[in-house]
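# Close look at the chain arrangement
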Amino acid sequence: MSKVGIIMGSKSDLPVMQDAIDILKGFDIEVEVDIVSAHRTPEKLFDYGKNAHIRGFSVIIAGAGGAAHLPGMIASLSPLPVIGVPVKSSNSIDGWDSVLSILQMPGGVPVATVALNGAKNAGILAAQILGSNNATILNKIIAYKEELKAAVIKTANGLN
Ligand code: RP5
């Protein structure tokens with residue numbers, strides 16, 4: 001069964017990263033959540049990046065703020081797709097520090113970067129990656145998109 005690894009640089013990132021956890025659990029996708037700090041636990045980062053695919057993960061979502069090196073370093077170590085979530089941390093310079101340090105990866109080492117605090121979309125994107133090879137998950141994504149559409153149409157119909 002497909003499993004998504006959700007990691008973050010600090011417990012202070014959890015309120016943002018919870019959106020990824022919630023949406024994936026809503027799709028009945030197994031998640032494993034951990035705190036891995038690029039700067040405070042570099043050995044753990046190395047171990048996680050080197051072994052995530054052996055431990056049964058299919059996709060990694062990595063969130064961090066400030067000098068947000070976690071997603072990029074995990075991408076440098078792991079053969080798995082990495083989705084990066086820039087977190088606007090308390091001492092952030094408006095979130096640009098997080099966005100640019102996750103987004104501006106060198107050629108050869110991609111991180112699929114979502115919007116600032118965009119953990120919900122990170123979860124959906126992880127589900128879509130798994131769904132490309134899993135009909136059950138794909139059908140849940142299709143149903144989710146239908147729900148989005150129905151909600152907009154209902155709102156529009158209520159305007160007049
Ligand atoms: C980063 O520094 C974390 O990802 C977090 O967004 C930020 C602040 O961490 P704490 O000082 O709150 O632990 O490493």
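Cut-offs and rules
- Residues numbered from 1 in each chain as written.
- Predicted model: local features only at pLDDT ≥ 70, side-chain atom pairs only at ≥ 80, totals over all residues.
- UniProt positions renumbered as here; feature names shortened; annotations may be inferred.
- Core = buried A, V, L, I, M, F, W, Y, C linked by C-beta atoms within 7 Å.
- Buried ≥ 20, exposed ≤ 12 C-beta atoms within 10 Å, placed from the backbone.
- Helix = DSSP H or I, 4+ residues; strand = E, 2+ residues; numbered from the N terminus.
- Contact = placed C-beta atoms within 7 Å.

Naming follows an unreviewed UniProt entry, where the chain appears as N5-carboxyaminoimidazole ribonucleotide mutase of Pseudalgibacter alginicilyticus. Looking at the Function (unreviewed entry) heading of the UniProt record, one finds this comment for the chain: "Catalyzes the conversion of N5-carboxyaminoimidazole ribonucleotide (N5-CAIR) to 4-carboxy-5-aminoimidazole ribonucleotide (CAIR)."

In this section: the nonpolar core. Residues Ile 60, Ile 61, Ala 62, Leu 70, Ile 74, Val 85 and Ala 126 are the most contacted members of the largest nonpolar core, which totals 42 residues. Residue assignment for this core shows that the elements contributing at least two residues are strand 1 (3-8), helix 1 (14-26), helix 2 (42-51), strand 3 (57-65), helix 3 (70-77), strand 4 (82-87), helix 4 (96-103) and helix 5 (119-131).

Below, the discussion takes up the UniProt feature "binding site: substrate" (unreviewed entry) in the chain. This chain's UniProt record puts "binding site: substrate" (unreviewed entry) on Ser 10, Asp 13 and Arg 40. Along the chain, the position of Ser 10 falls in the loop between strand 1 and helix 1. For Ser 10, the contacting residues outside a window of four places in its chain are Ile 35 and Ser 37. Looking at the element boundaries, Arg 40 is found in the loop between strand 2 (30-35) and helix 2.

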